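The chain contents come next:
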Amino acid sequence: GEEGTSSSETGSETADMYATDENGIKHKLQVPADANAYPVTTFDVDVPKDSQLTINVPALMATYERAVDSVSFNIPKDGKEMLNRDVDLFAQRAVVKSIERLSPTSVELVFQLNTGAEKDVSIRSFQVDGENIKRISSEFSGDTAVIILEFEKNIDKTELDISWPSFVMNGNWTINMK
């Protein structure tokens, strides 16, 4: 918006999901007509009431709902500086690669995402906050995040709190339902 926080992230296209019954027949899971919030966690399936079903889930989205790390840095008077600061996001790691002064009251931070050892977990997004921040704009795409901070005044250093990281956790989970 005009003031405050704006964000965009790469969307995850959700493939159709199927439940397999005890005879090996696949049944498509339907999003209920009255679903009004995402992610959808309840589905409809047209099978007899006592059917035993198995669902294979290729990936899950998870969010860690708390602060996970903070990072302090000096803000250059002009130009760009390399930072290369590690950030621990709980289930995955990132690196604050650089900071660039855009104006007397704004900077751009570039993060390299998914730098940890856990190759089946990808960072989808996270929140940043700090003192004197008037507006935050962030874009997450693949292994890169670009965050633009606008401050209330010209400052030469700041500390950012990093919270609520969201992840895509790849795997192949099997859920047996009765």
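An account of the accompanying structure is given in this report. Only a predicted model underlies this, so the values are computations on that prediction, with no experimental measurement involved.

Observations concerning the nonpolar core
Nonpolar side chains in soluble globular proteins generally cluster together in the buried interior. In this structure, Phe73, Leu89, Leu109, Phe111, Leu113, Phe126 and Leu149 are the most contacted members of the largest nonpolar core, which totals 28 residues. Secondary structure elements with two or more residues in this core: strand S5 (67-74), strand S6 (80-88), strand S7 (93-103), strand S8 (106-113), strand S9 (121-130), strand S10 (133-141), strand S11 (144-151) and strand S12 (157-177). For Leu149, the contacting residues outside a window of four places in its chain are Thr105, Ser106, Val107, Leu109, Val128, Ile133, Arg135, Ile136 and Leu160.

Looking at unusual backbone geometry
Unusually for a residue other than glycine, Asn84 sits at a positive phi of about 50°. For Asn84, the position within the fold is in strand S6. Residue class for Asn84 comes out partly exposed when judged on its relative accessible area of 43%. A positive phi is found at Asn132, a non-glycine position, where the angle reads about 65°. Of the residues examined, Asn132 reaches a relative accessible area of 23% and is grouped as partly exposed.

Side note on the pattern of salt bridges
Evaluation of the coordinates by the stated rule reveals three salt bridges. Across the salt bridge formed by Arg135 and Glu150, the nearest N and O atoms sit 3.9 Å from each other. A residue pair is termed long-range when its members are at least 10 positions apart, and Arg135 in strand S10 and Glu150 in strand S11 qualify at 15 residues. The class of Arg135 is partly exposed, set by a relative accessible area of 24%.

What about the pairing of S6?
Note: S6 against S7, seven bridges, orientation antiparallel. Looking at the pairing, Arg85 lines up with Val96 of S7. The hairpin turn running from S6 into S7, its antiparallel successor, is four residues long, and Phe90 in that turn takes a positive phi close to 85°.

Examining the pairing of S7
Note: S7 against S8, eight bridges, orientation antiparallel. Pairing of Glu100 across the sheet is with Glu108, part of S8. The antiparallel hairpin formed by S7 and S8 contains two residues in its connecting segment.

Calculation rules
Residues numbered from 1 in each chain as written. Predicted model: local features only at pLDDT ≥ 70, side-chain atom pairs only at ≥ 80, totals over all residues. Heavy atoms only, no water. Core = buried A, V, L, I, M, F, W, Y, C linked by side-chain atoms within 4.5 Å. Buried < 20%, exposed > 50% of the residue type's maximum accessible area, 1.4 Å probe, protein only. Helix = DSSP H or I, 4+ residues; strand = E, 2+ residues; numbered from the N terminus. Contact = heavy atoms within 4.5 Å. Salt bridge = Lys/Arg side-chain N within 4 Å of Asp/Glu carboxyl O. Pairing = 2+ DSSP bridges.

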